Amino acid sequence: MISRRGFLGATAAAVSYGALPAMAQQQPIRVGMLTIKSGALAAGGRQMEDGFRLFLRERAERIAGRPVEFIVADTGGQPALAKTRAQELVQRSGVQVVVGPVAAFEALAINDYLQEAEVPFLCCSAAAEDLTQRRLNPWFVRTSSTSAQPCHPLGDYVARELKYKKIVAIADDFAFGQEQTSGFQRTFEAAGGTLVKKLWAPLNVADYGSYISQIGEPDAVFAAFAGANGLRFLRQYSEYGLKGKIPLVGSMTTVDEGVLHSMGDEAIGIISAGWYSAALPGEANERFVAALRKQTGVDPGFYSEGAYSAGLALEHALKAVDGKIEDKQAFMNALRKVDIKDDPRGPWRLDSYGNPIENIYIRKTEHREGRLMNTVIKTYENVSQFWTYKPEAFLAAPVYSRNEPTKL
């Protein structure tokens, strides 16, 4: 299903040939978004759309002097349908840039098509490693991170500063969960720890009891979940009596602000890492949080802020080419060079592979100001997708997966 949102301000009819250039300037920039509206990842899909709509509304639906037509397509969280919706956006709706999608498996399903069609692909959520590593698409840039990028510093922090030695990992059994776990494992073990077990839960599992019963007695558990799965897992972890007994550390989305508002004491004390926290100080973030809370009633998180960042990247690139998105190559060149200083999450810039170099925040979930929030306890500045490794050496190894970097 594809829905349209009209741009503000109608263009006056031309009455002479001299009016045509001005009329051309008033043609809308057509932006398509691929999102998910049902299933385990639907909450992230809604938040992603909320973040981008807020960006547009703040600018009265105009970027670089031109109106914007925003067209949203629901993929249902299915790779085949994601490709169909991408084709419809390009071929039927004539979009000039595609924003989204939510999940890694969707991005992998549409990447080749958008590359062949030479359509700019502004990925604001899907974190599949190889999209900015071994499967480079010159029409692709990302505004979030790779799956493992926040987990590299987390693994290092947990080993060196929390002094945990043995950890069991439990994660969603799809690319995002697998790659997050692998990134955490690599740096945790490099710093002297051991990942003693990996437990993989299907994306739509309803009961985590059989997985929780396999945890044993490690120093801590690493949990990597997306959408509403973190909420369900943490509740059951507490119900099984492990809360307060075995500490939890988590990926960014496990305690994402988009679901944190539905959590209770089971979330308090969890250490996580991510490129954003709604508790970050600074005027830009305070304004952003206030606007999203007014719009949605909850704090922004991974999905909404990644989409807002996509809007900022789009705006910077369009201004660099005077709004002429029709010159696709010039626009894409400008998009790959964005260096954002005014993002609510802090400054970031793109590396030569189209992925952000950005701050990663170590966060602790606490109850403050009448709600749960991820307070920042340490900042790793200018973190690359390759962590501290040389890109050539990093890329010579297999992509992170269920069985990489080691088989357990």
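What comes next is a walk through the structure. (Residues numbered from 1 in each chain as written. Predicted model: local features only at pLDDT ≥ 70, side-chain atom pairs only at ≥ 80, totals over all residues. Heavy atoms only, no water.)

What follows concerns the overall build of the protein chain. Across its full length, the protein chain carries 13 helices and 16 strands. For 408 residues, the compact-globule estimate of 2.2 N^0.38 gives 22 Å, and the protein chain sits close to it at 21 Å. Oriented by its inertia axes, the alpha-carbon framework of the protein chain measures out at about 80 × 50 × 35 Å. Contacts in the protein chain between residues far apart in sequence, at least 24 positions, make up 69% of those at least 6 positions apart. By element, 50% of the accessible surface of the protein chain is carried by carbon and sulfur atoms, the whole surface being about 15500 Å². Both charge centroids of the protein chain, one from 46 positive and one from 45 negative side chains, sit 1 Å from each other. (Helix = DSSP H or I, 4+ residues; strand = E, 2+ residues; numbered from the N terminus. Rg over C-alpha atoms; globule rule 2.2 N^0.38 Å. Contact = heavy atoms within 4.5 Å. Areas by Shrake-Rupley, 256 points an atom, 1.4 Å probe, with all protein chains shown as cover. Lys, Arg positive; Asp, Glu negative; His and termini not counted. Charge placed at Lys NZ, Arg CZ, Asp CG, Glu CD.)

Glancing now at the packing of helix α2 (residues 42–58) against helix α10 (residues 283–296). The contact between α2 and α10 brings their axes to 11 Å, and the two run at 110°. Relative to α10, α2 is oriented roughly perpendicular. In this structure, the crossing between α2 and α10 has a hand that is right-handed. Two secondary-structure elements touch here, α2 through Asp-50, Leu-54, Arg-57 and Glu-58 and α10 through Phe-288, Ala-291, Leu-292, Gln-295 and Thr-296. Each residue belonging to the contact of α2 with α10 can be placed in one class, and the counts come to four nonpolar, two polar and three charged. (Axes fitted to C-alpha atoms, helices over the stretch in contact; angles between N-to-C directions. Parallel < 35°, antiparallel > 145°, perpendicular 65-115°, else oblique. Left-handed = near helix turned anticlockwise from the far one by under 90°. Nonpolar A, V, L, I, M, F, W, Y, C, P; charged D, E, K, R; others polar.)

For the rest of this paragraph, the subject is unusual backbone geometry. Residue Pro-101 is bonded to the preceding Gly-100 through a cis peptide linkage, with omega at -10°. With respect to the helices and strands, the residue Pro-101 is situated in the loop between β5 (97–99) and α4 (104–117). Positive phi values are uncommon outside glycine, yet Asn-382 reaches one of about 50°. Within the secondary structure layout, Asn-382 lies in strand β16 (residues 371–383). Note on Asn-382: relative accessible area 48%, which makes it partly exposed. Phi at Trp-387 takes a positive value of approximately 55°, unusual for a residue other than glycine. Residue placement: Trp-387 occurs in the loop between β16 and α13 (391–396). (Buried < 20%, exposed > 50% of the residue type's maximum accessible area, 1.4 Å probe, protein only.)

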